Amino acid sequence: MRDPRAEHALDRAAGGGVMGYVSGPSGYSEQPVPGSGPSDSGRHVSSDPASRWLDTSSRIGARWGSLAGLVALAAVVLSSARCGGTPDSGTGPTPPDPPVSAHDPVLVGAGDIAMCPLGAQSATALLLDRIGGTVFTTGDNVYDAPTPAKYADCYGPAWGRHLERTRPVPGNHDYDPPGSSGYFGYFGENAGPKGLGYYSYDVATWHVIALNSQIGMQAGSAQYAWLQSDLAANPVRCTVAYFHYPLFSSSQNGPTASVRDLWRLLYDGGADVILNGNDHVYERFAPQDPAGRADAARGIRQFTVGTGGATLYGFGTPAPNSEVRASVHGVLKLYLQASGYAWEFVPVAGQSFRDGGTGTCH
Ligand SMILES: [Fe+2]
(Lines give C-alpha, C1' and ligand atoms only; values in the text may rest on other atoms or scores of the structure.)
Protein backbone atom coordinates (compact mmCIF):
# COMPACT_ATOMS: atom_id res chain seq x y z
CA MET A 1 0.00 0.00 0.00
CA ARG A 2 1.26 3.42 -0.83
CA ASP A 3 1.07 6.11 1.79
CA PRO A 4 -1.96 8.22 0.89
CA ARG A 5 -0.48 11.19 2.70
CA ALA A 6 2.41 11.26 0.26
CA GLU A 7 0.16 11.35 -2.76
CA HIS A 8 -2.56 13.41 -4.39
CA ALA A 9 -2.62 17.17 -4.63
CA LEU A 10 -3.69 17.74 -8.16
CA ASP A 11 -6.96 16.72 -9.60
CA ARG A 12 -7.93 18.28 -12.85
CA ALA A 13 -11.36 17.14 -13.87
CA ALA A 14 -12.18 16.99 -17.53
CA GLY A 15 -15.24 18.45 -19.20
CA GLY A 16 -16.21 21.77 -20.63
CA GLY A 17 -18.72 24.55 -20.50
CA VAL A 18 -19.54 27.26 -18.01
CA MET A 19 -20.92 25.71 -14.85
CA GLY A 20 -23.97 26.61 -12.89
CA TYR A 21 -24.61 24.98 -9.59
CA VAL A 22 -27.34 24.19 -7.14
CA SER A 23 -26.74 23.02 -3.65
CA GLY A 24 -27.98 21.07 -0.69
CA PRO A 25 -27.64 22.32 2.87
CA SER A 26 -24.01 21.26 3.23
CA GLY A 27 -22.56 21.27 -0.23
CA TYR A 28 -22.86 22.32 -3.81
CA SER A 29 -23.41 20.54 -7.05
CA GLU A 30 -22.99 21.77 -10.54
CA GLN A 31 -24.45 21.24 -13.93
CA PRO A 32 -23.91 22.82 -17.31
CA VAL A 33 -25.52 26.07 -18.29
CA PRO A 34 -27.27 25.51 -21.62
CA GLY A 35 -25.60 27.35 -24.45
CA SER A 36 -22.32 27.95 -22.66
CA GLY A 37 -19.10 27.54 -24.54
CA PRO A 38 -16.14 25.36 -23.65
CA SER A 39 -13.87 26.49 -20.87
CA ASP A 40 -11.34 25.14 -18.45
CA SER A 41 -13.50 23.41 -15.89
CA GLY A 42 -10.57 21.90 -14.05
CA ARG A 43 -10.29 22.17 -10.34
CA HIS A 44 -7.25 21.90 -8.20
CA VAL A 45 -6.13 21.65 -4.64
CA SER A 46 -3.63 24.29 -3.72
CA SER A 47 -0.90 23.74 -1.19
CA ASP A 48 -1.25 27.37 -0.20
CA PRO A 49 -3.42 27.52 2.93
CA ALA A 50 -4.52 31.00 1.98
CA SER A 51 -6.07 29.74 -1.24
CA ARG A 52 -7.30 26.31 -0.34
CA TRP A 53 -10.27 26.08 -2.61
CA LEU A 54 -11.35 23.41 -4.96
CA ASP A 55 -11.98 25.55 -7.99
CA THR A 56 -9.79 27.49 -10.32
CA SER A 57 -9.91 31.24 -10.18
CA SER A 58 -11.74 31.36 -13.48
CA ARG A 59 -14.59 29.35 -12.10
CA ILE A 60 -14.67 31.34 -8.91
CA GLY A 61 -14.92 34.37 -11.14
CA ALA A 62 -17.79 32.78 -13.03
CA ARG A 63 -19.59 32.24 -9.74
CA TRP A 64 -18.89 35.42 -7.88
CA GLY A 65 -18.24 37.90 -10.66
CA SER A 66 -21.53 39.68 -10.32
CA LEU A 67 -24.64 39.25 -8.26
CA ALA A 68 -26.85 39.68 -11.29
CA GLY A 69 -24.99 37.00 -13.17
CA LEU A 70 -25.26 34.63 -10.25
CA VAL A 71 -29.00 35.10 -9.95
CA ALA A 72 -29.44 34.56 -13.67
CA LEU A 73 -27.26 31.48 -13.54
CA ALA A 74 -29.25 29.98 -10.68
CA ALA A 75 -32.49 30.61 -12.50
CA VAL A 76 -31.25 28.80 -15.58
CA VAL A 77 -29.98 25.85 -13.59
CA LEU A 78 -33.07 25.49 -11.46
CA SER A 79 -35.19 25.68 -14.57
CA SER A 80 -33.09 22.94 -16.13
CA ALA A 81 -33.47 20.75 -13.04
CA ARG A 82 -37.24 21.12 -13.05
CA CYS A 83 -37.37 19.93 -16.64
CA GLY A 84 -36.18 16.55 -15.48
CA GLY A 85 -32.80 16.66 -17.17
CA THR A 86 -29.82 14.68 -16.03
CA PRO A 87 -28.15 15.22 -13.66
CA ASP A 88 -30.98 15.72 -11.22
CA SER A 89 -29.82 17.75 -8.25
CA GLY A 90 -31.09 19.12 -4.99
CA THR A 91 -31.62 22.77 -4.31
CA GLY A 92 -30.95 25.10 -1.43
CA PRO A 93 -28.67 27.86 -0.19
CA THR A 94 -25.16 28.09 -1.58
CA PRO A 95 -22.31 27.74 0.89
CA PRO A 96 -18.71 28.45 -0.13
CA ASP A 97 -16.66 25.69 -1.71
CA PRO A 98 -14.98 23.34 0.73
CA PRO A 99 -11.45 24.30 1.74
CA VAL A 100 -8.99 21.46 1.39
CA SER A 101 -5.26 21.09 1.76
CA ALA A 102 -2.77 19.30 -0.46
CA HIS A 103 -1.80 17.43 2.69
CA ASP A 104 -5.27 16.03 3.41
CA PRO A 105 -5.27 12.22 3.10
CA VAL A 106 -7.60 11.02 0.35
CA LEU A 107 -9.98 8.11 -0.04
CA VAL A 108 -11.23 7.84 -3.62
CA GLY A 109 -13.33 5.33 -5.53
CA ALA A 110 -16.72 4.04 -6.64
CA GLY A 111 -18.60 0.79 -7.07
CA ASP A 112 -20.33 -1.09 -9.91
CA ILE A 113 -17.26 -0.84 -12.05
CA ALA A 114 -16.11 -3.12 -14.85
CA MET A 115 -18.73 -4.09 -17.44
CA CYS A 116 -17.06 -5.30 -20.61
CA PRO A 117 -17.08 -4.44 -23.41
CA LEU A 118 -19.24 -1.32 -23.05
CA GLY A 119 -18.66 -0.02 -19.54
CA ALA A 120 -16.98 3.25 -18.59
CA GLN A 121 -14.41 1.59 -16.32
CA SER A 122 -11.52 2.82 -18.46
CA ALA A 123 -12.74 6.42 -18.18
CA THR A 124 -13.08 6.25 -14.39
CA ALA A 125 -9.67 4.55 -14.15
CA LEU A 126 -8.19 7.55 -15.94
CA LEU A 127 -9.50 9.71 -13.08
CA LEU A 128 -7.73 7.48 -10.57
CA ASP A 129 -4.50 7.91 -12.53
CA ARG A 130 -4.32 11.51 -11.35
CA ILE A 131 -5.78 11.15 -7.85
CA GLY A 132 -3.56 9.79 -5.12
CA GLY A 133 -4.60 8.14 -1.89
CA THR A 134 -6.34 4.92 -1.00
CA VAL A 135 -8.82 3.53 -3.55
CA PHE A 136 -12.08 2.08 -2.24
CA THR A 137 -14.64 0.08 -4.17
CA THR A 138 -18.24 -0.39 -3.09
CA GLY A 139 -18.78 -3.77 -4.74
CA ASP A 140 -19.93 -5.26 -8.03
CA ASN A 141 -16.38 -4.78 -9.11
CA VAL A 142 -16.87 -6.76 -12.33
CA TYR A 143 -19.85 -8.12 -14.30
CA ASP A 144 -21.51 -10.51 -14.83
CA ALA A 145 -20.26 -13.86 -13.65
CA PRO A 146 -16.95 -12.56 -12.27
CA THR A 147 -14.61 -15.46 -12.79
CA PRO A 148 -10.88 -14.97 -12.24
CA ALA A 149 -10.58 -14.48 -16.00
CA LYS A 150 -13.20 -11.69 -15.92
CA TYR A 151 -11.27 -9.92 -13.18
CA ALA A 152 -8.05 -10.21 -15.12
CA ASP A 153 -9.46 -9.28 -18.54
CA CYS A 154 -12.11 -6.66 -17.69
CA TYR A 155 -11.31 -5.09 -14.30
CA GLY A 156 -7.57 -5.58 -14.72
CA PRO A 157 -6.84 -3.30 -17.70
CA ALA A 158 -8.78 -0.45 -16.04
CA TRP A 159 -8.81 -0.24 -12.24
CA GLY A 160 -6.32 -3.08 -12.02
CA ARG A 161 -3.38 -0.73 -12.37
CA HIS A 162 -4.37 0.68 -8.95
CA LEU A 163 -4.67 -2.74 -7.36
CA GLU A 164 -1.89 -2.17 -4.86
CA ARG A 165 -3.68 0.74 -3.23
CA THR A 166 -7.21 -0.64 -3.57
CA ARG A 167 -9.26 -1.79 -0.57
CA PRO A 168 -12.44 -3.34 -2.01
CA VAL A 169 -15.69 -4.78 -0.74
CA PRO A 170 -17.77 -7.34 -2.65
CA GLY A 171 -21.22 -6.84 -4.15
CA ASN A 172 -23.88 -9.29 -5.20
CA HIS A 173 -22.23 -9.86 -8.57
CA ASP A 174 -18.94 -10.70 -6.88
CA TYR A 175 -20.81 -13.63 -5.31
CA ASP A 176 -22.06 -14.93 -8.65
CA PRO A 177 -20.95 -17.64 -9.20
CA PRO A 178 -21.23 -18.61 -5.52
CA GLY A 179 -18.04 -18.72 -3.55
CA SER A 180 -16.64 -15.40 -4.70
CA SER A 181 -13.34 -17.09 -5.57
CA GLY A 182 -12.70 -14.59 -8.35
CA TYR A 183 -13.07 -11.67 -5.95
CA PHE A 184 -10.88 -12.99 -3.15
CA GLY A 185 -8.36 -14.43 -5.58
CA TYR A 186 -7.95 -11.19 -7.46
CA PHE A 187 -7.75 -8.74 -4.54
CA GLY A 188 -5.85 -11.05 -2.19
CA GLU A 189 -4.93 -9.65 1.20
CA ASN A 190 -6.30 -6.22 0.30
CA ALA A 191 -9.82 -7.67 0.55
CA GLY A 192 -9.42 -8.71 4.18
CA PRO A 193 -9.71 -12.28 5.48
CA LYS A 194 -10.55 -14.64 2.63
CA GLY A 195 -14.19 -15.67 2.68
CA LEU A 196 -15.17 -12.99 5.21
CA GLY A 197 -14.54 -9.80 3.28
CA TYR A 198 -14.91 -7.42 6.21
CA TYR A 199 -11.95 -5.63 7.73
CA SER A 200 -10.77 -2.22 8.88
CA TYR A 201 -7.75 0.01 8.58
CA ASP A 202 -6.66 3.53 9.40
CA VAL A 203 -5.92 6.44 7.09
CA ALA A 204 -4.19 9.15 9.10
CA THR A 205 -6.57 10.03 11.96
CA TRP A 206 -9.55 8.26 10.36
CA HIS A 207 -10.78 4.75 11.00
CA VAL A 208 -12.00 3.07 7.81
CA ILE A 209 -14.33 0.06 7.95
CA ALA A 210 -15.02 -2.20 4.96
CA LEU A 211 -18.09 -4.44 5.36
CA ASN A 212 -19.53 -7.34 3.39
CA SER A 213 -23.26 -6.94 2.76
CA GLN A 214 -23.40 -10.28 0.91
CA ILE A 215 -23.07 -12.43 4.03
CA GLY A 216 -24.70 -12.46 7.46
CA MET A 217 -24.79 -9.01 8.99
CA GLN A 218 -27.78 -8.97 11.31
CA ALA A 219 -27.51 -8.83 15.09
CA GLY A 220 -26.13 -12.20 16.18
CA SER A 221 -23.99 -12.70 13.06
CA ALA A 222 -20.21 -12.98 13.21
CA GLN A 223 -19.83 -9.81 11.16
CA TYR A 224 -22.11 -7.86 13.50
CA ALA A 225 -20.07 -8.99 16.52
CA TRP A 226 -16.84 -8.10 14.73
CA LEU A 227 -18.11 -4.60 13.91
CA GLN A 228 -19.17 -4.09 17.51
CA SER A 229 -15.67 -5.01 18.70
CA ASP A 230 -13.94 -2.99 16.01
CA LEU A 231 -15.86 0.19 16.86
CA ALA A 232 -15.17 -0.29 20.57
CA ALA A 233 -11.48 -0.80 19.89
CA ASN A 234 -11.20 2.31 17.71
CA PRO A 235 -12.85 5.22 19.54
CA VAL A 236 -11.48 7.81 17.14
CA ARG A 237 -13.34 10.97 16.27
CA CYS A 238 -13.73 10.30 12.53
CA THR A 239 -14.97 7.03 11.01
CA VAL A 240 -16.06 6.09 7.48
CA ALA A 241 -17.59 2.73 6.50
CA TYR A 242 -18.37 1.27 3.09
CA PHE A 243 -20.31 -1.70 1.78
CA HIS A 244 -22.37 -2.55 -1.30
CA TYR A 245 -26.05 -2.27 -0.40
CA PRO A 246 -27.40 1.18 0.53
CA LEU A 247 -29.95 1.57 3.30
CA PHE A 248 -31.30 4.65 1.53
CA SER A 249 -31.82 5.11 -2.19
CA SER A 250 -33.94 7.04 -4.68
CA SER A 251 -32.85 4.86 -7.60
CA GLN A 252 -34.19 1.68 -9.16
CA ASN A 253 -32.74 -1.02 -6.90
CA GLY A 254 -33.95 0.95 -3.91
CA PRO A 255 -33.20 0.67 -0.21
CA THR A 256 -31.88 -2.56 1.34
CA ALA A 257 -33.32 -2.97 4.82
CA SER A 258 -31.02 -5.87 5.71
CA VAL A 259 -28.10 -3.51 6.29
CA ARG A 260 -29.98 -1.57 8.97
CA ASP A 261 -28.42 -3.47 11.89
CA LEU A 262 -24.94 -2.56 10.69
CA TRP A 263 -26.09 1.00 10.15
CA ARG A 264 -27.41 1.15 13.73
CA LEU A 265 -24.11 -0.10 15.11
CA LEU A 266 -22.21 2.47 13.07
CA TYR A 267 -24.56 5.23 14.20
CA ASP A 268 -24.28 4.23 17.86
CA GLY A 269 -20.50 4.05 17.42
CA GLY A 270 -20.32 7.62 16.11
CA ALA A 271 -19.51 6.89 12.46
CA ASP A 272 -19.63 9.91 10.17
CA VAL A 273 -19.82 8.73 6.55
CA ILE A 274 -21.12 5.63 4.74
CA LEU A 275 -20.28 4.84 1.10
CA ASN A 276 -22.39 2.40 -0.96
CA GLY A 277 -23.02 1.12 -4.49
CA ASN A 278 -25.62 -1.22 -6.03
CA ASP A 279 -27.64 1.58 -7.59
CA HIS A 280 -25.64 2.81 -10.56
CA VAL A 281 -25.95 6.48 -9.71
CA TYR A 282 -24.48 9.19 -7.53
CA GLU A 283 -26.67 10.20 -4.62
CA ARG A 284 -25.84 12.21 -1.53
CA PHE A 285 -27.94 12.29 1.63
CA ALA A 286 -28.05 14.68 4.55
CA PRO A 287 -26.91 13.14 7.87
CA GLN A 288 -29.56 10.69 9.10
CA ASP A 289 -30.20 8.15 11.80
CA PRO A 290 -30.83 4.48 10.92
CA ALA A 291 -34.57 5.14 10.74
CA GLY A 292 -34.05 7.76 8.05
CA ARG A 293 -34.72 10.77 10.25
CA ALA A 294 -32.60 13.85 9.62
CA ASP A 295 -30.06 14.15 12.41
CA ALA A 296 -27.63 17.01 12.07
CA ALA A 297 -25.97 16.30 15.43
CA ARG A 298 -25.19 12.57 15.22
CA GLY A 299 -26.42 11.44 11.82
CA ILE A 300 -24.37 9.60 9.19
CA ARG A 301 -23.99 11.07 5.71
CA GLN A 302 -24.53 8.37 3.06
CA PHE A 303 -23.13 8.60 -0.45
CA THR A 304 -24.19 6.11 -3.10
CA VAL A 305 -21.39 5.93 -5.64
CA GLY A 306 -22.35 3.18 -8.08
CA THR A 307 -20.68 5.25 -10.77
CA GLY A 308 -17.54 3.23 -11.53
CA GLY A 309 -18.43 2.18 -15.07
CA ALA A 310 -21.51 -0.07 -15.22
CA THR A 311 -24.58 1.04 -17.16
CA LEU A 312 -26.19 3.97 -15.33
CA TYR A 313 -29.63 3.98 -13.71
CA GLY A 314 -32.21 6.72 -13.32
CA PHE A 315 -34.21 7.93 -10.32
CA GLY A 316 -37.71 7.60 -9.00
CA THR A 317 -39.24 9.75 -6.29
CA PRO A 318 -36.47 11.31 -4.20
CA ALA A 319 -36.08 9.61 -0.83
CA PRO A 320 -36.32 11.77 2.31
CA ASN A 321 -33.11 13.68 3.03
CA SER A 322 -31.73 13.02 -0.47
CA GLU A 323 -29.78 16.16 -1.29
CA VAL A 324 -28.17 15.52 -4.69
CA ARG A 325 -28.74 12.95 -7.42
CA ALA A 326 -26.98 12.39 -10.72
CA SER A 327 -26.72 9.66 -13.34
CA VAL A 328 -23.11 10.06 -14.31
CA HIS A 329 -19.89 8.05 -14.24
CA GLY A 330 -17.11 9.25 -12.00
CA VAL A 331 -15.42 8.80 -8.64
CA LEU A 332 -15.95 10.27 -5.20
CA LYS A 333 -12.97 11.84 -3.54
CA LEU A 334 -13.05 12.21 0.25
CA TYR A 335 -10.52 14.43 1.96
CA LEU A 336 -10.01 12.96 5.43
CA GLN A 337 -9.20 15.90 7.65
CA ALA A 338 -8.35 15.89 11.35
CA SER A 339 -11.84 16.70 12.61
CA GLY A 340 -13.96 16.63 9.49
CA TYR A 341 -14.05 15.88 5.81
CA ALA A 342 -14.60 17.40 2.39
CA TRP A 343 -16.04 15.56 -0.56
CA GLU A 344 -15.75 16.06 -4.29
CA PHE A 345 -17.46 14.06 -7.01
CA VAL A 346 -15.15 13.96 -10.04
CA PRO A 347 -16.91 13.06 -13.32
CA VAL A 348 -15.41 11.30 -16.31
CA ALA A 349 -14.13 13.37 -19.23
CA GLY A 350 -16.91 15.08 -21.11
CA GLN A 351 -19.30 15.25 -18.15
CA SER A 352 -19.84 18.46 -16.25
CA PHE A 353 -21.73 17.43 -13.13
CA ARG A 354 -19.92 18.33 -9.92
CA ASP A 355 -20.68 17.96 -6.25
CA GLY A 356 -18.68 19.03 -3.25
CA GLY A 357 -19.01 20.11 0.37
CA THR A 358 -17.78 19.59 3.88
CA GLY A 359 -18.81 17.83 7.06
CA THR A 360 -17.65 17.81 10.67
CA CYS A 361 -16.94 14.60 12.57
CA HIS A 362 -19.03 13.77 15.62
FE1 LIG B 1 -24.26 -3.30 -9.69
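Since this is a predicted model, take the numbers as computed values, not measurements.

Let us look at the overall build of the protein chain. Across its full length, the protein chain holds seven helices and 15 strands. Across the 362 residues that make up the protein chain, the buried fraction comes to 53%.

Moving on: the pairing of strand 12 (residues 322-326). In terms of burial, strand 12 is a largely internal element, five of the five residues being buried. The pairing of strand 10 (residues 282-285) with strand 12 spans four bridges and is antiparallel. Across the sheet, the residue bridging to Arg284 is Val324, located in strand 12.

When pLDDT drops low, the exact placement of atoms in the prediction is not to be read closely. Confidence in the prediction for the protein chain averages 79 pLDDT; 72% of positions are at 70 or higher. Of the regions scoring below 50 in pLDDT, residues 1-26 engages in 108 contacts with residues more than four places distant in sequence or in other chains. For the stretch residues 31-96, pLDDT sits under 50, and the model shows 119 contacts to residues farther than four places along the chain or on other chains.

Because an α-helix completes one turn every 3.6 residues, residues spaced three or four positions apart along the sequence face the same direction. Taken together, the buried positions of helix 3 (residues 121-129) are occupied by Gln121, Thr124, Ala125, Leu127 and Leu128. In a view along the axis of helix 3, the buried residues occupy a sector of 150°, so they form one face of it. The elements touched by buried residues of helix 3 are strand 3 (106-110), strand 4 (134-137), strand 13 (330-336) and strand 14 (340-347).

A few words on the sheet that holds strand 12. Spatial ordering of the open sheet is given by 6-7-8-9-11-10-12, a layout of seven strands whose pairing is mixed. The sheet terminates laterally at strand 6 (199-203) and strand 12, the two strands that pair on one side only. Pairs of neighbouring strands in the sheet enclose a mean axial angle of 15°, with direction left out of account.

Relative to the assigned elements, Gly316 resides in the loop between strand 11 (301-305) and strand 12. Distance in space between the C-alpha atoms of Gly316 and Ser250 is 5.8 Å, their sequence separation being 66 residues. Sequence-distant contacts of Gly316, that is, excluding residues within four places in its chain, are made with Ser250 and Gln252.

With that settled, consider the environment of Thr205. Tracing the chain through its elements places Thr205 in the loop between strand 6 and strand 7 (206-210). Classification of Thr205 by C-beta neighbours within 10 Å gives partly exposed; the count is 14. Note: C-alpha distance between Thr205 and Cys238 (33 residues apart in sequence) is 7.2 Å. Discounting residues that sit within four places of it in the chain, Thr205 has contacts with Val236, Cys238 and Ala338.

This paragraph deals with the packing of helix 6 (residues 222-233) against helix 7 (residues 260-268). Geometry of a packed helix pair, given as the angle between the helix axes and the separation of the axes. Running from amino to carboxyl end, helix 6 crosses helix 7 at an angle of 10°, the nearest separation of the two axes being 10 Å. It follows from the interaxial angle that helix 6 and helix 7 lie roughly parallel. Residue-level inspection shows Tyr224, Leu227, Gln228 and Leu231 of helix 6 in contact with helix 7, the latter providing Asp261, Leu262 and Leu265. Along the lines of polarity and charge, the residues of the contact of helix 6 with helix 7 split into five nonpolar, one polar and one charged.

Right, let's get into the pairing of strand 9 (residues 273-276). Neither face of strand 9 is exposed, since Val273 and Leu275 on one face and Ile274 and Asn276 on the opposite face are all buried. By the bridge criterion, three bridges tie strand 8 (residues 238-242) to strand 9 in an arrangement that is parallel. In the strand pairing of strand 9, Ala241 is matched with Ile274. Handedness of the crossover is the feature at issue here: the chain leaves strand 8, passes through helix 7, returns alongside strand 9, and the resulting connection is right-handed.

Okay, the environment of Gln337 next. Its place among the elements puts Gln337 in the loop between strand 13 and strand 14. Distance in space between the C-alpha atoms of Gln337 and Asp104 is 5.8 Å, their sequence separation being 233 residues. Sequence-distant contacts of Gln337, that is, excluding residues within four places in its chain, are made with Asp104 and Ala342.

The rules behind the values
- Residues numbered from 1 in each chain as written.
- Predicted model: local features only at pLDDT ≥ 70, side-chain atom pairs only at ≥ 80, totals over all residues.
- Helix = DSSP H or I, 4+ residues; strand = E, 2+ residues; numbered from the N terminus.
- Buried ≥ 20, exposed ≤ 12 C-beta atoms within 10 Å, placed from the backbone.
- Pairing = 2+ DSSP bridges.
- pLDDT = per-residue confidence, 0-100.
- Contact = placed C-beta atoms within 7 Å.
- Arc of directions from axis to C-beta.
- Axes fitted to C-alpha atoms, helices over the stretch in contact; angles between N-to-C directions.
- Parallel < 35°, antiparallel > 145°, perpendicular 65-115°, else oblique.
- Nonpolar A, V, L, I, M, F, W, Y, C, P; charged D, E, K, R; others polar.
- Right-handed = clockwise from strand over helix to strand, strands pointing away.

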